[in-house]
Every structure is written in C-alpha cells, then in structure tokens.
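Secondary and tertiary structure notes
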Amino acid sequence: MTLLQQRKVYDVCIVGSGAGGGMMAYMLTQAGADVVMLEAGGPWDNTKDSVMLKWPYESPIRGNSTKERPFGEFDACIGGWDIEGEPYTRADGSKFDWWRARMVGGRTNHWGRISLRFGPDDFRRKSLDGLGDDWPIGYDTLKPYYDRVDDLIGIFGSAENLPNEPDGRFLPPPTPRCYEMLVKQAADRLKVTCIPARLSIITRPHNGRAACHYCGQCNRGCHTNSNFSSTNVLIAPALETGKLTLHTNAMAREVTVGADGRADGVAYVNKADGTDQHVRARIVVLAASACESARLLLNSKSSKFPQGLANSSGVVGKYLTDTTGTDVAGFIPKLQNGIPHNEDGVGGGHLYCPWWLDNRKLDFPRGYHIEIWGGRGVPSYGFMWGVDAYPEFGGYGKALKDSYRRLYGTTIGFSGRGEMIPNERSYCELDPEMKDRWGIPVLRFHWAWTDHEHLQVKHMQETFRALIDQMGGEVFSPMPTKEKGYGIATGGRIIHEMGTTRMGKDASRSVVNEWCRAHDVPNLFVSDGGPFVSQADKNPTWTIMALAMRTADHITEQRKGGAV
C-alpha cells in the first residue's frame, strides 16, 4: 500500500456487508459517495461459488453439516455459533448461542428470505400494553422505504388487508404444495389465519434478474440471482459504480476518533497476514450485526469515551433480544403412498400463518407467526432421521425400501417465531479477561427469558399439536414441560439478535436517534438490528433494509449540506 493510498480519506466507511451494510453501499454509491467496506469474512459470489444443483450422493458426507457450515455442507453461509479463534463467553446461569457469518453478504446468504414488514402496532407496543418502549418513528415513516425495498429487490405475496401485517408491492406467489393445502384446510377449521408466504424470491423477471426456476435450493445460494442476498443484488451493483472499495478478511478492531470527538476511520486486522490496518473516512457506518457492532463500540475506548464510543448512556449492549422459537412435527397418514411428483417450489414455505389472536384474551403479550415445512425434499444425510418414530417402518431389502417410499413426504412441521420483550437481564458486555486470536476483547452474554416468552411458546406448542391433530396426524414428541420452558429455543438460536444500540429521542436511554445516528458522535451511524427498540413477531431483515435506505438518504442530504 502506497503512502498516498494510506492518506486517502473516503467519504464513508461501512463495517459489514449484510442486509444493512449492503443497502448502505448500494444507496451511497448510487448517490456518488466514495465508500470503503470492511468485511470480516472472505469473498463470495453466489452465481459462481454455490453448489445449488449438486446431488447429495455426489458428496462423501451426503450433505451433512460441517464446522463452518452447521446447516449442511451445501449451505451458502460460512460461519456458525462456534468459529475458531473467535470465542465468546456466557455469564453464569446464562444460555446464549451467538451466530456469526464470515463472508461477503453476511447472513443474507443464510436466511430463509421471509420478508415481513413490521406493522403499525409494532412501533408503539408500550402505548398498547405498557411493556418495553415505543419507537421514535412509526409505520408511516418507514412505509415509503418498505415500498422502495420491495421495488428494488422483489418479493412475492398477496394483498390481505390485515391490520398489523402490512401488504407490500408483491409479485405473484407460487401455488401451495400438496402438504400445504392440508395445512390450509386444518388452519381454516381452527380459525388460524393462513395466507401465501412473503419471500424475497422473484417469481417474475425483475430488474434484470431471472425468475425463480423452483429448484428448492435457495439455502445454497442462487446461481440465477432469483432470490435475495446482499452479495449480488446490492454489493455487485455498488462495485459496478466504481465508488466502492471492498476489503475482505478485515476484522474491525476499533472506530477511531479525532481530537474533535468525531469518528475518523476504523482500525482493523488483515486476517490474511495478521497486520494492523486503518482506513480513514468522514463518516462511519456500523452494520456488522447487532452484537458485533456493540462489541466494536465497547472496544472503541478513549479519554473522550471511557465507556466505549457512543455509550454515554451506558446502553450499548443492553436490551438484547432474539426471536422466540419452538418446533413441532408429526406423521400425517393421509400423505402415505403419495404419487411421485415435483413439488420443490421455492426454497421455503409457500404459505405461512401471521398472528391472528387478540392478546387481551390470552395470558401472554405480543404474538408469533407460524412457518410451515414438510414435503418431498431431496434426500440427504439424516433423511427421515429417527425412522422408529414412524408406524410400521422397517424390514430389510425390498421391504425397507417400500417403507421409505410409503412414508416419504408424510411429515409436516411447524416453527413458531415470536416477539420477545426486551428486559434488563438480557445484554452483552466485554469479557474482562478473554480475547480473540487478534487480541480483541470478546463479548460475554447475559440472557433471561421471562414468563411472557415461556407462555407464548406454550401456546405455540398447543397450536401446532392441534393443527397436526386436525390433519389426522400423530405428533412425534411429547408436550414439553414447564420445567423445560415448553420447548423454547436457546437464546440466539433463531439468529435474530437485535436491540444493543437502540434508537430513541432521549439520549440518556438510547444510543442512536431516529436517523440511526449516534447521539454522542454526529458522523457515526448504525445500520443493522442494533437500533431496534422492539422485536415484533416478524423476521427483521426487511426492516433493517428499510431503515438503512432511510438512513442512507439522510446521510446523502447531510453530506450535500456539509453537516457530515
């Protein structure tokens, strides 16, 4: 690197290349900003690097999980809960698992493309039930940006006019599969709302990208760019402008500040050779994921910011949330001896169930949505795992094969994804002793579910079992007990961490303002799930991108006016 290059000052430095970072890079480069992006993982191009159409039997391990791909060896996302050289710790009595993606595009290479808008009620929950805090913005503020995200990226769905499940600008949804039609019938009988899913997978050609060809392998990374990932839908166009410089394998260590207290760049470790590097920028945007951005702020200590950068409130790392979750599956006799047919569809459910009940009549606040799964997926390692759970299964030779054919596709499962209410016992902080392989202090997690979440998950379990019963099915597992938390997933396992740098108008109780700009540092912004004030019962990605788009517009206007 030449001295001239070392002295270069970029307009904006973005840390992280996922949903928020990718949208920031796209918007800011389109507006003419000179942007540098730091990504802790390696390069990735889903049109070249994925193994979307490889058969499991072509691999010696038949698609089994690997250390860097816990969801299967063909999964697009490199990362996991346990990354060598990058530990984290848990406080005594706390159970929390932290997922990190380590590649260009981040978690957008992992997610299920469930693209739900937060509804009007989701921004003002405290006003409705007295719990948590309201956002400083409302749905009407974000609606134009949700619309623009829909138009830019593409999403299928259906207009339903549900009060707190806002409709989008949808492409046509795919037809439900056979097993999903059974679920729809059962849901209708139980008065559970069941509608077409809303996924960022295009069913018509869109903005130069080809329509989905229904191979059902979205998790592997799409060769045709028919599903959304930040890598090729946002970052590739940003690179094409010539305004984006992308540094991969760059582990951010600290946001540096000048004598005036403003951010002036980011110090990072080049993971390829272990050297310390620094990029200078007039504006810094953190989009490294809620916990990683909090870690970076907490590690950015100085005489001006002894508690960590942008942390005069002491709120950085606090009010950490994750989505509640639990699963139930069962054997559905009606699906035995199914006629072999192609029902792959998109890589996700064609139907889902948004929250349908009035909490005033229940023993818990907030709600959840239901994700539906099953069908005749491509057999791989673990196919029909636990075959002893099926009736009359077994034999040898032809009898065993006949059993597989008879029972193939007879499982239907449900996953609940619900809202956790922020609490003061769930947060992350710097571990006082442990450091990662580059000498950077790691995070220590404190975690606690409350009765609100446990009772919500109990309701999930009861609902899923009732749906399976309505289909004439047999549930594979007994009802979890109260002592087992009714089967609630361990914190972090749903991979929806939010709230560690939450937004608010009161600088003493929040980290960023309604524009996601740090109260303490006028040229520092956060553009991931950290600014979320509450969780909602929806997946967060669409809201992360809508907020990022809005913040990018704000930065552009501020740059034009010379304010940042």
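Our structure's up above, just so we're on the same page.
Now for a look at the structure at hand. (Residues numbered from 1 in each chain as written. Predicted model: local features only at pLDDT ≥ 70, side-chain atom pairs only at ≥ 80, totals over all residues. Heavy atoms only, no water.)

**Comments concerning the pattern of salt bridges**
Under the criterion given, the structure shown has 36 salt bridges. We note a salt bridge from Glu165 to Lys538, for which the minimum N-O separation is 3.7 Å. Of this pair, Glu165 sits in the loop between α5 (139-153) and α6 (178-189) while Lys538 is found in the loop between β18 (524-526) and α11 (541-560), placing the two residues 373 residues apart along the sequence. Exposure class is identical for Glu165 and Lys538. Each is buried. Here Asp188 makes a salt bridge to Lys184, at a shortest N to O gap of 3.2 Å. Of this pair, Asp188 and Lys184 both sit in helix α6, separated by 4 residues, roughly a single helical turn. Here Asp188 falls in the partly exposed class, since its relative accessible area comes to 41%. (Salt bridge = Lys/Arg side-chain N within 4 Å of Asp/Glu carboxyl O. Helix = DSSP H or I, 4+ residues; strand = E, 2+ residues; numbered from the N terminus. Buried < 20%, exposed > 50% of the residue type's maximum accessible area, 1.4 Å probe, protein only.)

**Notes on the pairing of strand β9 (residues 263-270)**
Counting buried residues along β9, 6 of its 8 residues qualify, which places the element largely inside the surrounding structure. By the bridge criterion, 7 bridges tie strand β8 (residues 250-257) to β9 in an arrangement that is antiparallel. Its bridge partner being in β9, Glu254 is matched across the sheet by Ala267. Between β8 and β9, which follow one another and run antiparallel, lie 5 residues, and Gly261 among them has a positive phi close to 80°. Pairing analysis gives 6 bridges linking β9 to strand β10 (residues 275-286), with the strands arranged antiparallel. Across the sheet, the residue bridging to Tyr268 is Gln277, located in β10. (Pairing = 2+ DSSP bridges.)

**Structural notes on α11**
With 20 residues, α11 should reach 28 Å at 1.5 Å per residue; the first-to-last C-alpha distance of 29 Å fits that figure. Among the 20 residues of α11, 15 are classified as buried, and the element is accordingly described as predominantly covered. Among the residues trailing α11, Gly562 stands out with phi positive, at a value near 75°. (Expected span 1.5 Å × (residues − 1).)

**A closer look at a nonpolar patch on the surface**
Taken together, the side chains of Trp55, Tyr57 and Val378 define a hydrophobic patch exposed on the protein surface, amounting to about 330 Å² of accessible area. On the secondary structure map, Val378 appears in the loop between β13 (368-374) and α9 (398-407). (Patch = residues over 30% accessible without salt bridge, like charges linked within 9 Å, V, L, I, M, F, W, Y side chains within 5 Å. Areas by Shrake-Rupley, 256 points an atom, 1.4 Å probe, with all protein chains shown as cover.)

**What to know about the environment of Leu335**
Looking at the secondary structure, you find Leu335 in the loop between β11 (324-331) and β12 (351-353). The class of Leu335 is buried, set by a relative accessible area of 10%. The spacing of Leu335 and Cys178 is 157 residues in sequence and 8.8 Å in space, taken between C-alpha atoms. Apart from the residues within four sequence positions on either side, Leu335 is in contact with Cys178, Tyr179, Leu182, Arg406, Gly409, Thr410 and Ile412. (Contact = heavy atoms within 4.5 Å.)

**Quick word on the sheet that holds β12**
Spatially, the 6 strands line up as an open sheet ordered β6-β12-β13-β14-β11-β17, and their pairing is antiparallel. Both outer strands of the open sheet, β6 (195-196) and β17 (474-475), are each paired with one neighbouring strand and no more. Sheet topology note: the β13/strand β14 (residues 411-418) ladder contains 7 bridges and is antiparallel. Bridge assignment links Ile370 to a residue of β14, and that residue is Gly416. Lying over the sheet, helix α10 (residues 451-470) contacts β11, β13, β14 and β17, oriented at roughly 20° with respect to β11. (Axes fitted to C-alpha atoms, helices over the stretch in contact; angles between N-to-C directions.)

**So, the nonpolar core**
If you look at the biggest cluster of nonpolar residues, it comprises 131 residues, and the most contacted ones within it are Met23 and Phe414. By residue number, the principal contributor to this core is α11, which donates 9 residues. Those residues in contact with Phe414 that lie beyond four places of it in its chain are Val183, Thr326, Asp327, Val328, Ile370, Glu371, Ile372, Trp373, Phe464, Leu467, Ile468 and Met471. With 13 residues, the next largest nonpolar core counts Leu116, Phe156, Cys218 and Tyr352 among its residues. (Core = buried A, V, L, I, M, F, W, Y, C linked by side-chain atoms within 4.5 Å.)

**Looking at the environment of Gly504**
Here Gly504 shows up in the loop between β17 and β18. For the pair formed by Gly504 and Ile137, sequence separation is 367 residues and the distance between their alpha carbons is 8.9 Å. Every residue in contact with Gly504, bar those within four places of it in the chain, is listed here: Pro136, Ser510, Val512, Asn513 and His519.

**Examining unusual backbone geometry**
Non-glycine residue Lys191 carries a positive phi angle of around 60°. Turning to its location among the elements, Lys191 is positioned in the loop between α6 and β6. The phi angle at Asn337 is positive, at roughly 55°, despite the residue not being glycine. Residue position: Asn337 is located in the loop between β11 and β12. For Asn337, a relative accessible area of 55% translates into the label exposed.

**A few points about the packing of aromatic side chains**
Considering all chains together, one arrives at 27 aromatic pairs under this definition. Above the ring of Tyr427, the side-chain terminus of Lys318 is found at 5.6 Å from the ring centroid. If you follow Arg502 out to its NZ or CZ, it ends over the ring of Tyr319, 3.9 Å from the centre. (Phe/Tyr/Trp six-rings, centres within 6.5 Å; stacked < 30°, edge-to-face > 60°. Lys NZ or Arg CZ within 6 Å of the ring centre and 35° of its normal.)

**So, the pairing of β10**
Taken residue by residue, a regular strand's side chains alternate between the two faces of the sheet. Across 6 bridges, the pairing between strand β1 (residues 9-15) and β10 is parallel. Each residue of the ladder has a partner; that of Val9, found in β10, is Arg280. Connecting β9 to the next strand, β10, in antiparallel fashion are 4 residues, including Gly274 with a positive phi near 80°.

**Examining the sheet that holds strand β16 (residues 441-446)**
Reading across from one edge, β4-β16-β15 is the order of the 3 strands in this open sheet, with mixed pairing throughout. Of all the strands in the sheet, just β4 (89-90) and β15 (427-435) have a single pairing partner and so form its edges. Relative to β16, β15 runs antiparallel, the two sharing 5 bridges. Looking across to β16, one finds that Lys435 is bridged to Pro441.

**Section: α9**
Among all positions of α9, only Ser403, Arg406 and Leu407 are buried. End-on, the buried residues of α9 take up no more than an arc of 80°, which puts them together on one face. The exposed set on the far side of α9, more than 90 degrees from its buried face, consists of Lys398, Lys401 and Arg405. The inward-facing, buried residues of α9 abut β11. Just downstream of α9 lies Gly409, where phi reads positive at about 85°. (Arc of directions from axis to C-beta.)

**Notes on the environment of Gly382**
Position of Gly382 among the secondary structure elements: in the loop between β13 and α9. You can call Gly382 partly exposed: its relative accessible area is 28%. Residues Gly382 and Asn109, 273 residues apart in the sequence, show an inter-C-alpha distance of 23 Å.

Shape descriptors only; they carry no functional weight alone.
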